[in-house]
Structure formats: C-alpha cells, structure tokens
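Observations on the model geometry
Listed below, chain by chain, are the residues.
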Amino acid sequence: MTVEHKDEDLDQALRGYYHAILDGVTAPEHLRRQVLAHTEQKRWYMTPWAPVLALALASASFFVVLASSRMAEIIFGF
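Right, let's walk through the structure included here. (Residues numbered from 1 in each chain as written. Predicted model: local features only at pLDDT ≥ 70, side-chain atom pairs only at ≥ 80, totals over all residues. Heavy atoms only, no water.)

1. Brief notes about the pattern of salt bridges
- Using the criterion set out here, one finds 1 salt bridge in the structure.
- A salt bridge links Arg-70 to Glu-73; the nearest nitrogen and oxygen atoms lie 3.0 Å apart. One end of the pair is Arg-70 and the other is Glu-73, both in helix 3 (residues 50–76) and 3 residues apart, which spans about a single turn.
- Note on Arg-70: relative accessible area 48%, which makes it partly exposed.
- Residue class for Glu-73 comes out partly exposed when judged on its relative accessible area of 38%. (Salt bridge = Lys/Arg side-chain N within 4 Å of Asp/Glu carboxyl O. Helix = DSSP H or I, 4+ residues; strand = E, 2+ residues; numbered from the N terminus. Buried < 20%, exposed > 50% of the residue type's maximum accessible area, 1.4 Å probe, protein only.)

Here is the structure:
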C-alpha cells in the first residue's frame, strides 16, 4: 500500500478515514481541494529557505547556550 502512494497521500487518506469514522463528518470535496491548492502554493516558495532558516536557528541557539553557560561560569565562579 505504501509503495504506490506517497506518505503524505497515505497520511491524508488515513486522517480522512478516521475523521469520517470517529466524527461522522467529512469535509466537502471543493473545500478540500481549495485548502490543498492554497497550501501547495505557499509550500513552493518557502522550500528553498528551509535549510537556511534551520541552520540560522541552530547557530543562534548554539550561541545562546554558549553565552548562557559562560555567564553561569562568571556569576557562580566555577
């Protein structure tokens, strides 16, 4: 089942199935298509920036941890 479909397609199918079973409600097809089209457009232009943003956030968090540990050494006199 997972060989023929992408993980996202399988995930969507499972979510739809369980929401239909548990809630007894399904989303209208035109609304589903509109949401998928809207999110696909937004995903396109953010994709190239994802690795750059991840690296920038990782670097910033590293420097915050480094600075806070240095401040702890200075304050407590280790």
